[in-house]
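Structural overview
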Amino acid sequence: MTEKLPVPVVWSEECLLHDPGGEVWLGVRDAGTEVPERALVLRDALAAAGAPEVAAVAYGDEILRMVHDPELIDHLAGVWAEWERAGFPAEWGRDRVVPYVFPTPAMLGDLPGRMPPAVHGRAGRFCYDTMTLVGPGSWTAIRGAADAALTAAGLVSAGERLAYALCRPPGHHVTRAAYGGSCYLNNAAIAAAALISHVGLVAVVDVDAHHGNGTQELFRGRSDVLTASVHVDPGAGWFPHFLGFATESDSSNLNLPLAPGTGDDEWLAAVRRAAAFVAPARALVVALGVDAAAGDPESPLEVTATGYREAGRILSQLDLPTVVVQEGGYDLETIGSLVVETLTGLATV
């Protein structure tokens, strides 16, 4: 009889309600890869591995508003309704919220940024790219993902050694006051914030193929959170382009950018460095993207399933209570098995 995966999987049906309807990349609307099917594939793979499923509990907004600017929360909660009232779907065929103007420092100079009264102007104040669309079910799903992260953190705070939050949409690109990169709220940061009051020093290790720029910004310089990110080098032309360089590392943050084409050996060496950096922590949040895998459409890295299992084992050796929060991974044929492999490694005692 196959041994069951002893990791509770926190799930919210609400995560399926976000249908971005594609993404606008380089001025053209494409199908996009952050689709509801991702969550179903992961759920099915984890069920087949025997992992027990736990329903996400609905939480209030208190921790969300500690992590993020309340204006961002309010914008995400209400922007679709405003978009509809403004007539963009019915009159103009604009069936998703897409920003088109951005109040960058280069635009504003030393003048204060104002809150535009028009919703289509205001959208670019909170979203920093054109890829991250909002539709009719988005906010419910965004909250469902945050609730999954909080529920997993609650399980670990109550004594579970390891819990996995099947969050969708993902979150690690969200800063305090802006969203982007197909992310809306920073689920990993929310889980970390929930753990701080229980354990003190918390670590976030991000193994998604792309730099966790939002998590870095949210916790940079904090004495109660250590962050480390293993990702493809943004200097080689990869999102988020402006952040994720090794020179941003300091006493509370470690960036480990890797060249396109990097495989298991160098990637695992970086994971070991990240683990050593966060070793003083009392609890761990793993921002788990499996898009560093060979064949994923969103990354040039070449990590194998064996590499993911070994990464889980490396992080398990920290012997810390651990919350795993799902981030990227877009090859529907492989993401389920890759997550199972990683959790199997993390479950190693």
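Residues numbered from 1 in each chain as written. Predicted model: local features only at pLDDT ≥ 70, side-chain atom pairs only at ≥ 80, totals over all residues. Heavy atoms only, no water.

Of regular secondary structure, the protein possesses 12 helices and 10 strands. Viewed in the frame of its principal axes, the protein has a C-alpha envelope of about 60 × 40 × 40 Å. Each of the 349 residues in the protein was classed as buried or not, and the buried ones make up 54%. Across the protein, every contact between residues at least 6 apart in sequence was considered, and the portion connecting residues at least 24 apart equals 78%. Entry remark: accessible area of the protein is about 14,100 Å², with carbon and sulfur atoms responsible for 56%. (Helix = DSSP H or I, 4+ residues; strand = E, 2+ residues; numbered from the N terminus. Buried < 20%, exposed > 50% of the residue type's maximum accessible area, 1.4 Å probe, protein only. Contact = heavy atoms within 4.5 Å. Areas by Shrake-Rupley, 256 points an atom, 1.4 Å probe, with all protein chains shown as cover.)

Attention now moves to empty space enclosed by the protein. Per the stated rule, a full pass over the model turns up two cavities of 30 Å³ or more. Taken as a whole, the largest cavity spans an internal volume of roughly 80 Å³. As for the largest cavity, its lining consists of 13 residues, of which Pro20, Gly22, Glu34, Met131 and Ser182 are closest to the centre. For the lining of the largest cavity, the class distribution of residues is five nonpolar, six polar and two charged. (1 Å grid on protein atoms, 1.4 Å probe; cavity = no way out; pocket = protein on both sides within 12 Å on 5 of 7 lines; lining within 4 Å. Points joined across faces, edges and corners; volume = space filled by probe spheres on them. Nonpolar A, V, L, I, M, F, W, Y, C, P; charged D, E, K, R; others polar.)

In this structure the tally under the stated criterion is 17 salt bridges. Residue Asp250 is joined to Arg220 by a salt bridge in which the shortest nitrogen-to-oxygen separation is 3.6 Å. Separated by 30 residues along the polypeptide, Asp250 in the loop between strand S7 (225–232) and strand S8 (253–258) and Arg220 in the loop between helix H9 (213–219) and S7 bring together distant segments of the chain. Of the charged contacts, one joins Glu310 and Arg313 as a salt bridge, the two residues approaching to 2.4 Å between their closest N and O atoms. Note that Glu310 and Arg313 are positioned in helix H11 (residues 305–316) at a spacing of three residues, about one turn of the helix. Several salt bridges converge on common partners, so that one network encompasses Asp61, Arg65, Asp74, Arg143 and Asp147. (Salt bridge = Lys/Arg side-chain N within 4 Å of Asp/Glu carboxyl O.)

Looking now at the nonpolar core. In this structure, Leu76, Tyr179, Leu185, Leu195, Val285 and Val323 are the most contacted members of the largest nonpolar core, which totals 54 residues. With 10 residues, helix H7 (residues 138–157) is the largest single contributor of residues to this core. The contacts of Leu76, once residues within four sequence positions are left out, are Trp139, Ile142, Tyr179, Tyr184 and Leu185. Listed in part, the 53 residues of the second largest apolar core include Trp11, Leu46, Ala49 and Ala270. (Core = buried A, V, L, I, M, F, W, Y, C linked by side-chain atoms within 4.5 Å.)

Turning our attention to the packing of H11 against helix H12 (residues 335–346). Two elements in contact, H11 and H12, have axes whose closest approach is 6 Å; the angle formed by their N-to-C orientations is 30°. What the angle tells us is that H11 and H12 run roughly parallel. In this structure, H11 crosses over H12, and the sense of that crossing is right-handed. Mapping the contact onto sequence places Ala305, Tyr308, Arg309, Gly312, Arg313, Leu315 and Ser316 in H11 and Leu338, Glu341, Thr342, Thr344, Gly345 and Leu346 in H12. (Axes fitted to C-alpha atoms, helices over the stretch in contact; angles between N-to-C directions. Parallel < 35°, antiparallel > 145°, perpendicular 65-115°, else oblique. Left-handed = near helix turned anticlockwise from the far one by under 90°.)

Moving on, we get to the packing of aromatic side chains. In this structure the tally under the stated criterion is three aromatic pairs. Seen in terms of ring centroids, Trp267 and Tyr308 are 5.0 Å apart; in terms of plane orientation they differ by 55°. Their pairing is tilted. Residue Trp267 is located in helix H10 (residues 264–277), and its partner Tyr308 is located in helix H11; the two are separated by 41 residues in the primary sequence. We classify Tyr308 as buried; its relative accessible area is 1%. (Phe/Tyr/Trp six-rings, centres within 6.5 Å; stacked < 30°, edge-to-face > 60°.)

A few words on the packing of H7 against helix H8 (residues 187–199). H8 packs onto H7 with a crossing angle of 30° between their chain directions and a minimal axis gap of 9 Å. With respect to each other, H7 and H8 are oriented roughly parallel. At the point where H7 passes H8, the crossing takes the right-handed sense. The residues of H8 that touch H7, namely those facing Ala145, Ala146, Ala149, Leu150, Ala153, Val156 and Ser157, are Asn187, Ile190, Ala191, Ala194, Leu195 and His198.

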